[in-house]
Amino acid sequence: MQKPIKINGRYLDHTSIRIAAPFGKLISEHLKSIDYGDRLDPTEDYGTHPIPLPTGVGYYKAQASMTLSREAYNTMLTQVPNGFGTITFPITVTYVPRGAFLQTVDSLPECRIIAPNLSSQSGSKKGIDIKLDLYVRYILWNGKCLAPLDNDQFISVLPPILV
């Protein structure tokens, strides 16, 4: 059985994350979680055969959410106008390397708050949280986007050296 790879005994974890977002330390120090991802679903077409024809580039969709303490959310509300769901802002997530890993920087250049959701329950040993669902136009994973940023200049086959 193969053992997991360890470099100096440490992997990235939540304490490795540094967030650059509006409201500065309010978000970065009160951030309980951040989730983001994207997908590129190829467009499919069929002829008379059950196997699809070659695919098109498809449609791209990115999403994200973050969870803050209710106190941080309340403070944030004092700094935004009515209609704050229309404000577009960037989020940068930097993963500080532990050991020999390289620094990673993911960018969500155009975000908007689309749904604040409160979570509270009796007997909980933690505070009250607000989950903010975000609209995200696209994500740069360490500088690379899953979808082509320039739809006129992209490759659809891996170069021979990468295969």
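Structure: above.
The rules behind these values
Residues numbered from 1 in each chain as written. Predicted model: local features only at pLDDT ≥ 70, side-chain atom pairs only at ≥ 80, totals over all residues. Heavy atoms only, no water. Salt bridge = Lys/Arg side-chain N within 4 Å of Asp/Glu carboxyl O. Helix = DSSP H or I, 4+ residues; strand = E, 2+ residues; numbered from the N terminus. Buried < 20%, exposed > 50% of the residue type's maximum accessible area, 1.4 Å probe, protein only. Core = buried A, V, L, I, M, F, W, Y, C linked by side-chain atoms within 4.5 Å. Contact = heavy atoms within 4.5 Å.

Peer 1: Sorry, what's going on with the pattern of salt bridges here?
Peer 2: Under the definition given, this model contains four salt bridges. Linking Arg137 and Glu110 is a salt bridge whose minimum nitrogen-to-oxygen distance equals 2.9 Å. Of the two residues, Arg137 is situated in the loop between β6 (129-136) and β7 (140-141) and Glu110 in strand β5 (residues 104-119); the sequence distance between them amounts to 27 residues. Residue Asp133 pairs with Lys131 through a salt bridge whose shortest N-O separation is 3.6 Å. According to the relative accessible area criterion, Lys131 is partly exposed, its value standing at 37%.

Peer 1: Explanation requested: unusual backbone geometry in the structure shown.
Peer 2: Most peptide bonds adopt trans geometry, and most residues besides glycine take a negative phi value. With phi around 50°, Asn142 is a residue other than glycine that occupies positive phi space. Assignment of secondary structure puts Asn142 in the segment after β7. Note on Asn142: relative accessible area 44%, which makes it partly exposed.

Peer 1: Is there a simple way to think about the nonpolar core in this case?
Peer 2: Soluble, globular proteins show a tendency: their nonpolar side chains are buried together. Membership of the largest hydrophobic core comes to 29 residues, with the highest contact counts inside it found for Ile19, Ile34, Ile91 and Leu134. Every residue in contact with Ile34, bar those within four places of it in the chain, is listed here: Ile17, Ile19, Ser65, Met66, Ile91 and Val93.

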